[in-house]
Amino acid sequence: MTRSFVLCADDFAMTDGVSRSILELLAAGKLSATGAMTNRPHWPRLAGELSAFSGQADLGLHLNLTCAVPLAVMPTVAPSGHLPRLGELAPLALRSGAARNEIASEIGRQLDAFEQHLGRPPDFVDGHQHVHVLPGIRGAVLDALVRRYPAGSVYLRDPSDSIAAIRARGVSVGKALTVAGLATGLRRAAARRGIPTNRGFSGFSPFDAGRDFAADLAAFLVNPGPAHLVMCHPGHVDDELVALDPVVATRPLEHEVLMTFEPPQGLRIGRFGAVA
C-alpha cells in the first residue's frame, strides 16, 4: 500500500528568487504545498502565477511576524517599522495585551491579503519560524480560522512529532524537540475547534551547506506519521535574500535535490486531502 505525505515549501513571496524556485518545483510536480508570506511586496505580483497550481497543490498562508515589515503600523510589536526577531516576539506576545491585539490584527490582514490576491481562502495556515504555535499567538490564529472559515476547510500545521520519530531521523534533533515542546497542545486545541492538522512532521534542518540534503530528505521520511508533512526551504539566491534572511547557501542545494527527488517505495507526494 502506498501512503501519501505532504511536501511543503515555505517562504513563497519572501523574494523573487525563492518564489521562482518554488514555482519551478511546483511545475515539475515535486511539491504538494507552499505557504505564502503575504506581507511581502512580491505577493500581489506573484499570486497570479501561484494560483495556476490551485488544483495541483495546497496553497496556504505562511504567517510572518518576524521578517521585514508588517502590513500596517504595529507600534508595540514593530515600533521601528520592522517586525521583531523571534526571540523578541515570543516574550512580547506573552506579557503585552497591546502586542497580542496588534498580532491578531496582523493575522487578519495577512489572511485578507491572501484572499484578495488569490481570490479564495488559503488551504492551510502555518507560521514563519513556527510563530503560529507560540503562547500569546496560537489563540489568535485558532480564533481567526474559526471566525473566518467553515470547520474542516482550512488545515493548520502542527510542527511536532513523537520523540522517538525525531530521534530516529537524527537531523536537527534539538531544534525539532524544542519546537515540538512549544507546540504541545496545539493539535488538541485545533481539534476542539474543528480545525484539521497534519499528524507527523519533519524537515528541521541545520541549514549547513556542507550537509548532504538528499540524505537529510530521506531521513525526514523515516517513521512518517499517519498524516505526515515535510517542510523544505528551496530557493534561488538573489541580493534581496542575502540582505533579508540568514538561510541562503542551502536554498539552491535544496532546489537541486528536490528537482530530481523521487519518494522511496511505498510513499508518494500528495495534497493534504490525500493524506488526512
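Residues numbered from 1 in each chain as written. Predicted model: local features only at pLDDT ≥ 70, side-chain atom pairs only at ≥ 80, totals over all residues. Heavy atoms only, no water.

**Structural notes on the overall build of the protein**
Secondary structure summary: the protein contains 12 helices and eight strands in total. With the C-alpha coordinates aligned to their principal axes, the bounding extent of the protein is approximately 50 × 40 × 35 Å. Buried residues in the protein amount to 54% of all 276 residues. For the protein, restricting intrachain contacts to residue pairs at least 6 apart in sequence, the fraction spanning at least 24 positions comes to 79%. Side-chain charges of the protein comprise 26 positive and 26 negative groups, with the mean position of each set lying 9 Å from the other. (Helix = DSSP H or I, 4+ residues; strand = E, 2+ residues; numbered from the N terminus. Buried < 20%, exposed > 50% of the residue type's maximum accessible area, 1.4 Å probe, protein only. Contact = heavy atoms within 4.5 Å. Lys, Arg positive; Asp, Glu negative; His and termini not counted. Charge placed at Lys NZ, Arg CZ, Asp CG, Glu CD.)

**Focus on the pairing of strand β2 (residues 33–36)**
Residues in a regular strand point their side chains to alternate faces of the sheet. Along β2, one buried face is formed by Ala33 and Gly35 and the opposite face, lined by Thr34 and Ala36, is buried too. Where strand β1 (residues 3–12) meets β2, three bridges bridge the pair, whose relative direction is parallel. Looking at β2, one finds that Ala9 is bridged to Thr34. Pairing analysis gives four bridges linking β2 to strand β3 (residues 58–63), with the strands arranged parallel. In the strand pairing of β3, Ala36 is matched with Leu61. Each parallel crossover has a hand, and for β2 linked through helix α2 (residues 43–51) to β3 it is right-handed. (Pairing = 2+ DSSP bridges. Right-handed = clockwise from strand over helix to strand, strands pointing away.)

**Considering the nonpolar core**
If you look at the biggest cluster of nonpolar residues, it comprises 40 residues, and the most contacted ones within it are Leu7, Phe12, Leu31, Trp43 and Leu217. Contributing elements (two or more residues each) for this core: β1, α1 (16–27), α2, α4 (97–118), α9 (213–220), β7 (229–232) and α11 (250–259). At five residues, α1 tops the list of elements feeding residues into this core. If you look at the next biggest cluster of nonpolar residues, it comprises 32 residues, including Leu89, Val125, Val141 and Leu145. (Core = buried A, V, L, I, M, F, W, Y, C linked by side-chain atoms within 4.5 Å.)

**Some remarks on the packing of α1 against α2**
Packing of α1 against α2 brings their axes to within 11 Å, and their N-to-C directions diverge by 5 degrees. Considering the angle they form, α1 stands roughly parallel to α2. On α2, the residues that touch Asp16, Ser19, Arg20, Leu23 and Leu26 of α1 are Arg45, Leu46, Glu49 and Leu50. Here the contact of α1 with α2 is built from residues that sort into four nonpolar, one polar and four charged. (Axes fitted to C-alpha atoms, helices over the stretch in contact; angles between N-to-C directions. Parallel < 35°, antiparallel > 145°, perpendicular 65-115°, else oblique. Nonpolar A, V, L, I, M, F, W, Y, C, P; charged D, E, K, R; others polar.)

**As for the packing of α9 against α11**
Where α9 meets α11, the closest approach of the two axes is 9 Å, and the angle between their N-to-C directions is 65 degrees. Between α9 and α11, the interaxial angle falls into the category roughly perpendicular. You can see that α9 and α11 cross each other, and the crossing is right-handed. Seen from α9, the contacting residues are Phe213, Ala214 and Leu217; seen from α11, they are Glu254, Val257 and Leu258. When grouped by side-chain class, the residues that make up the contact of α9 with α11 number five nonpolar, no polar and one charged. (Left-handed = near helix turned anticlockwise from the far one by under 90°.)

**Some details on the pattern of salt bridges**
Two side chains that carry opposite charge are able to pair once their charged atoms sit near each other. Taken as a whole, this structure holds 18 salt bridges when the rule is applied. Residues Arg20 and Asp16 are paired through a salt bridge, measuring 3.6 Å at the closest nitrogen-oxygen approach. Separated by four residues within a single helix, Arg20 and Asp16 lie in helix α1, roughly one turn from each other. If you follow the salt bridges from partner to partner, you end up with Asp16, Arg20, Arg45 and Glu49 in one network. (Salt bridge = Lys/Arg side-chain N within 4 Å of Asp/Glu carboxyl O.)

**Remarks on α9**
Listing the buried residues of α9 in full gives Phe213, Asp216, Leu217, Ala219 and Phe220. Summarising the axial view, the buried residues of α9 lie within an arc of 160 degrees, below the 170-degree limit, and thus occupy one face. On its buried face, α9 sits against α6 (163–169), β6 (201–202), β7 and α11. Put simply, Asp212 is the residue that caps the front of α9, since its side-chain oxygen is 3.0 Å from the backbone nitrogen of Ala214. (Arc of directions from axis to C-beta. Polar contact = N/O pair within 3.5 Å; in protein donor to acceptor, adjacent residues only side chain to side chain.)

**Here's the deal with the side chain of Glu106**
Inspection of the secondary structure assignment puts Glu106 in helix α4. We classify Glu106 as buried; its relative accessible area is 0%. Beyond its immediate chain neighbours, meaning those up to four positions away, Glu106 contacts Asn39, Leu65, Pro70, Leu71, Ala72 and Met74.

**Quick notes on unusual backbone geometry**
Of note, Phe207 is a non-glycine position whose phi angle comes to about 50 degrees, a positive value. Phe207 sits in the partly exposed class, given a relative accessible area of 28%.

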